[in-house]
Structures are given as C-alpha cells and as structure tokens.
Amino acid sequence: MTVSELAPEWLSHPEDANALRPQMWARDVSRTANGELQVAGVSVAELAAEFGTPLFVVSEADFRARARDFKDSFDAAFAGLCGGVDVYYAGKAFLCTAVARWVREEGLRLDTCSGGELAVALRAGIPGAELGLHGNNKSDAELTRALDMGLGRIVVDSMAELHRLDALAVSRGEQANVMLRLTPGVHAHTHEFIATAHEDQKFGLSMAPDPAAGGVSPAAAAVDAALQAKGIRLLGLHCHIGSQIFEPEGFELAAKRLLGFLADIKAAHGVELPELDLGGGYGIAYTEADTPRPPAEIAQAMAAVVGSTCTELGLAVPRISIEPGRAIVGPTTFTLYRAGTVKTVRVDTADGGTAERRYVSVDGGMSDNARPVLYDADYSAVLASRTSEDDAVMSRVVGKHCESGDIVVRDVYLPADTGDGDLLAVPGTGAYCWALSSNYNYIARPPVVAVLDGAARLIIRGETEDDLLARDVDAASVRSPESLKE
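Thresholds applied
Residues numbered from 1 in each chain as written. Predicted model: local features only at pLDDT ≥ 70, side-chain atom pairs only at ≥ 80, totals over all residues. Heavy atoms only, no water. Helix = DSSP H or I, 4+ residues; strand = E, 2+ residues; numbered from the N terminus. Rg over C-alpha atoms; globule rule 2.2 N^0.38 Å. Buried < 20%, exposed > 50% of the residue type's maximum accessible area, 1.4 Å probe, protein only. Contact = heavy atoms within 4.5 Å. Areas by Shrake-Rupley, 256 points an atom, 1.4 Å probe, with all protein chains shown as cover. Lys, Arg positive; Asp, Glu negative; His and termini not counted. Charge placed at Lys NZ, Arg CZ, Asp CG, Glu CD. Axes fitted to C-alpha atoms, helices over the stretch in contact; angles between N-to-C directions. Parallel < 35°, antiparallel > 145°, perpendicular 65-115°, else oblique. Left-handed = near helix turned anticlockwise from the far one by under 90°. Nonpolar A, V, L, I, M, F, W, Y, C, P; charged D, E, K, R; others polar. Pairing = 2+ DSSP bridges. UniProt positions renumbered as here; feature names shortened; annotations may be inferred. Salt bridge = Lys/Arg side-chain N within 4 Å of Asp/Glu carboxyl O.

Participant: What's the story with the overall build of the protein in this structure? I'm lost.
Facilitator: For the protein, the helix and strand inventory stands at 14 helices and 21 strands. The C-alpha radius of gyration of the protein comes to 25 Å, within 12% of the 23 Å expected for a compact globule of 486 residues. Taken across its 486 residues, the protein has 54% of its residues classed as buried. Of the contacts formed within the protein by residues at least 6 apart in sequence, a portion of 70% connects residues at least 24 apart. For the protein, the computed accessible surface area is about 20,500 Å², with 50% contributed by carbon and sulfur atoms. If the 43 positive side-chain charges of the protein are averaged to one point and the 68 negative ones to another, these points end up 4 Å apart.

Participant: Sorry if this is basic, but what is going on with the packing of helix 3 (residues 60-82) against helix 4 (residues 97-105) here?
Facilitator: The angle between the axes and the distance between the axes are what describe a pair of packed helices. One way to put it is that helix 3 packs onto helix 4 with a least axis distance of 9 Å and a crossing angle of 40°. If you check the angle between helix 3 and helix 4, you find them oblique. Here helix 3 and helix 4 pass one another in a crossing that is right-handed. Between helix 3 and helix 4, the contacting residues are Glu60, Phe63 and Arg64 on the first element and Val99, Trp102, Val103 and Glu105 on the second. Considering only residue class, the contact of helix 3 with helix 4 consists of four nonpolar, no polar and three charged.

Participant: How should the sheet that holds strand 2 (residues 37-39) be read in this particular structure?
Facilitator: Strands in a sheet are paired, the pairing made by backbone hydrogen bonds, and the direction either parallel or antiparallel. Strand order in the open sheet made by the three strands is 1-2-3, with antiparallel pairing throughout. If you trace the sheet from one side to the other, it starts and ends with strand 1 (29-31) and strand 3 (42-43), each paired once. Bridging between strand 1 and strand 2 involves three bridges; their strand directions are antiparallel. By the bridge assignment for strand 2, Val29 is matched with Val39.

Participant: Would you explain the environment of Tyr442 in this entry?
Facilitator: With respect to the helices, strands and loops of the structure, Tyr442 is situated in the loop between strand 19 (423-427) and strand 20 (448-452). Measuring from C-alpha to C-alpha, the distance between Tyr442 and Gly35 comes to 35 Å, with 407 residues separating the pair along the chain. If sequence neighbours within four positions are ignored, Tyr442 has contacts with Leu468 and Leu469.

Participant: How should I be thinking about the side chain of Arg64 in this particular structure?
Facilitator: Mapping Arg64 onto the fold places it in helix 3. Owing to a relative accessible area of 16%, Arg64 belongs among the buried residues under this scheme. Once residues within four sequence positions are removed from consideration, Arg64 is found in contact with Trp102, Glu105 and Glu106.

Participant: Please explain the UniProt feature "domain: Orn/DAP/Arg decarboxylase 2 C-terminal" (unreviewed entry) in the protein as it appears in this structure.
Facilitator: Following the UniProt record, one finds the feature "domain: Orn/DAP/Arg decarboxylase 2 C-terminal" (unreviewed entry) at residues 355-430. The distance from the first to the last C-alpha atom of residues 355-430 is 34 Å, and the span holds 7% helix and 41% strand.

Participant: What am I meant to see in the pairing of strand 4 (residues 55-59) here?
Facilitator: The two faces of a sheet get side chains in turn, since along a regular strand they alternate between them. Among the five residues that make up strand 4, five are buried, leaving the element largely enclosed by the rest of the structure. Of the two faces of strand 4, the one lined by Leu55, Val57 and Ser59 and the one lined by Phe56 and Val58 are each fully buried. The pairing of strand 4 with strand 14 (residues 333-348) spans four bridges and is classified as antiparallel. Paired with Phe56 across the bridge in strand 14 is Thr335. Summarising the sheet, strand 4 and strand 20 pair through four bridges and their orientation is parallel. Residue pairing across strands places Val57 opposite Val449, the latter belonging to strand 20.

Participant: Help me understand the pattern of salt bridges in this model?
Facilitator: Proximity of charged atoms lets side chains of opposite charge pair with each other. Scanning the entire structure with this criterion turns up 26 salt bridges. Residue Arg66 pairs with Asp62 through a salt bridge whose shortest N-O separation is 2.7 Å. Here Asp62 and Arg66 lie together in helix 3, a separation of four residues that amounts to about one turn. With relative accessibility at 15%, the residue Arg66 sits in the buried group. Residues Asp140 and Arg164 are paired through a salt bridge, measuring 2.4 Å at the closest nitrogen-oxygen approach. Residue Asp140 is located in helix 6 (residues 140-148), and its partner Arg164 is located in helix 7 (residues 159-171); the two are separated by 24 residues in the primary sequence. Linked by salt bridges that have partners in common, Glu60, Arg64, Arg68, Glu105, Glu106 and Arg457 make up one network.

Participant: Please explain the environment of Arg164 as it appears in this structure.
Facilitator: Arg164 sits in the partly exposed class, given a relative accessible area of 29%. Discounting chain neighbours no more than four positions away, the residues touching Arg164 are Lys138, Ser139, Asp140 and Leu143.

Participant: Sorry if this is basic, but what is going on with the UniProt feature "binding site: substrate" (unreviewed entry) in the protein here?
Facilitator: Summarizing the sequence annotation, UniProt attributes the feature "binding site: substrate" (unreviewed entry) to Arg326, Arg371, Tyr375, Glu403 and Tyr432 in the numbering used throughout. The largest pairwise C-alpha distance within this set of annotated residues, which runs over 107 residues, is 27.1 Å, so the set is dispersed in three dimensions. Note on placement: Arg326 falls in helix 11 (residues 326-329). The residues touching Arg326, leaving out its near neighbours within four places in the chain, are Ala93, Ser243, Gln244, Tyr282, Ile284, Tyr286, Pro331, Arg371, Ala431 and Tyr432. Residue placement: Glu403 occurs in the loop between strand 17 (392-398) and strand 18 (407-415). Leaving out residues up to four positions away in the same chain, Glu403 has contacts with Met366 and Tyr440.

Next up, the structure:
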C-alpha cells in the first residue's frame, strides 16, 4: 500500500499536480507559459525577490469583486422585502487600513470586535454610523470608544453588558444603538470551536426558557430590560451560527427562530424591532472537497425564508444585515513560501505494512497559519515557480517551528522533484491566517502585499528583528555581540 492510497478521496489525482482549481484562487491568478504562478500580471518570482518569503499575496481586484458581489446579490434579493441589505465585512477575518477603505469604497460597512479594530476603522476614516462592535467581554474603555465614535450598532452579548452600557450612555446623556445577540440553538456542522449558536458556548443570550426565572428566557429578559433602559436604543436582534458553513438549512432555521422571537416581542410589548442581523459564516473552498455557494444563491434562499416567514407571522420585514468575512477575503489571498529541507520517512499503514511519506519544509508555518493546529484545517498547495514533468507524489508541507504539529498542508500531491529553493503557494489564506499570526520561536510576522493591474504594493510591512525586540524593556541594556567578544 502507498501513501497515495491512504489519501482522502477529495485529493487531486497525481497527473493534476500542476493544475489550479479556480474556486480555490483569486480570479486573476494564473500560470505563465513557463508554469510560474502570477497574480494580476505579477509573477511570484518578482514578488519573492522584492518582498521575500513567507508572503501573503492579496488580489485587490478579487477582494473588491467579492465584496461587490455580496452587496449586489443581497440588495437584489431583498429589494422588494426591505429595500436591500446592510453588508458588514467581518474585520476579524483580516483587517488593515487599506482593506477597511476597500470595504467602504465598495459600499459595505465594517464589523469590529475590539478596540484595536475600531482604531483601524478610525484611521481608515470609516464613519461611526457604518461600524458595528461585537464581543462577549467588551471593556468599559471599548464601550466608551464606541460611544465616542457614534457607532451605528453595539452588539450586546449579555445582560451584564447591557446594564454597563446603559449606565455609560446615561452618564453622557446619550442613547447607545444596540443589537442583542441571541443563541437560537442551531448547531452548524463545523468544527466545535467555530460553531457558535448552540447553548454550551460563550456567546449570546439564550432563547431557551430558564426555569430559575419562571420560564422567561435570558433573551426575553434582555429585550424587556433594553426597552426600559433610558440609555439604550434597541434596534433589533443578531445571531451567528458558526463558520465555514456550506448548507443553507442552518441559516434558514435560525432566521425562522429569530423572526418568531420578533413576533413574540411584538405581542408582548407592542413593538416591531426594525432590524435583524443573520450573521455570516459562509464557507469557501480550501480543497477540492469544498463546494461553496455563490452569494446570489445564498441571498435568494434567505430572502425566500424571511419573506414567507414574515408573511406567516404578520410582521413587517425588518432591515436585514449580514456579516461575511472569510467568504470575501479568504479566496483573494495565497501565502507564498520557499521550500527548504525535503525528506522521506516510512509510516505504518492500516494493513500492518509501511509506506513512504515525503515531508517538504517551508520557511513559515504555524506562526503565519495557525488554523491547521487549532482546527485541523485542510489546505492545498502547488509548486508555484515552475511546472514539472516529474510524477506527483503524496507530500506533507510542514513549517520550520519547533513543534511536530507544525503542519501547513497535511496531504497534497507535489511533483517528485520539488525541493530546496522552489516556491510553493498555499491558496485560501486570506482569512484568519495573518489575523491569527504570532511570533512563536521569535519569528517575524510576514508582510502582506496587494496586487492590482500589474503592480504590487505593501499594505502591511513585514516585521524585523528590531520590531521583535522593541517591547523587550531590557533589550537596550544588553551588550552587543561585538562587546561580548572583548
């Protein structure tokens, strides 16, 4: 038995090792006549020579196109129901000043979840009315900054936070714009740590009756408190059922449950809340096994459910908002690595025998992509600097960190002659890779470049050793290597 026979069924066949799967790459990524990868007319050799590796490479045109596609598709689907949709780009996926500006220029709003992300939005010149703030444990400083900036919405996650925000707003003679985040009990079929609408997790207010409160749910109690609070302007409800979701049923069920809750609020309080945010979590293609749906298809399915459910309940259709992040930025970006050490080992197989497995090491790893370690996430990779006529062999792409779990791509076919100095590209790294990056082993975080119309520019510079030492308060007093030789 060979390692190839042990590979997942979704892996490409060996003869396809040079192929690019369109759904996994930005639309302006292609191969040149000599097989070298290029994006918007700029080759990976040029990028590596100018900016080094590892390197995050973003197609600006593709990012803008995906952002517009969400806005246009949802506006069209909901135009007859509520006049359109407010699309909030989920900045946690990847955010910098340039990206925040692209988002606004394409007609989207921006969702943040920390004071730091608010600072990026402020530097980018995003008006407060076009911003949202999430978080299960917002500090008073973050809430105060949100009030200072006049945020269009603060997504409140608990009763304690609601009371704190009310007190802060009243002390300023203001009202805070609030959405209440609810957990509708819909479990997305994703990794446990990225499914966020079931009961046993940290986010949101439960819609389940609480026997200790006379059967009143935490969500209902929060609505009652918000409607009575002098410092709160209750705009509506919010939910988010998870991430990397491909099937529509979860979104549809969550929408029905929240609309039913809006009807309950109307019956109990005589108030029709004007807004409903159905979150994000739309999946992208990391491998051939992934089959993401286009935004227009998602929008039409959601509009049909929202429209029919509101008719059944006798509700005016609230203004809908959504929060795509990964689905916009994920496919726009690939990470460019340079290969180093390559070695082959023998591994045990299920039939009691052994097979070869080849390890291809690259000059990055878990410090620039923590998702395989955190979520056992799958990725793909291609030889980016050339094509090869050699047979494709099953390979494992690994990083340079001092961890055996430092795996970039667990299983991928690469040409047998892939070796030291070759450039490898891993697609789909726009979301939660740079955002989760670290300095593990004191490795500097990579730069991010945006490529557009044949030109590349830095949007985040790479760190230097000086950056790594800048916060080390004792670094300035340490003697130089030259002085230690004296």
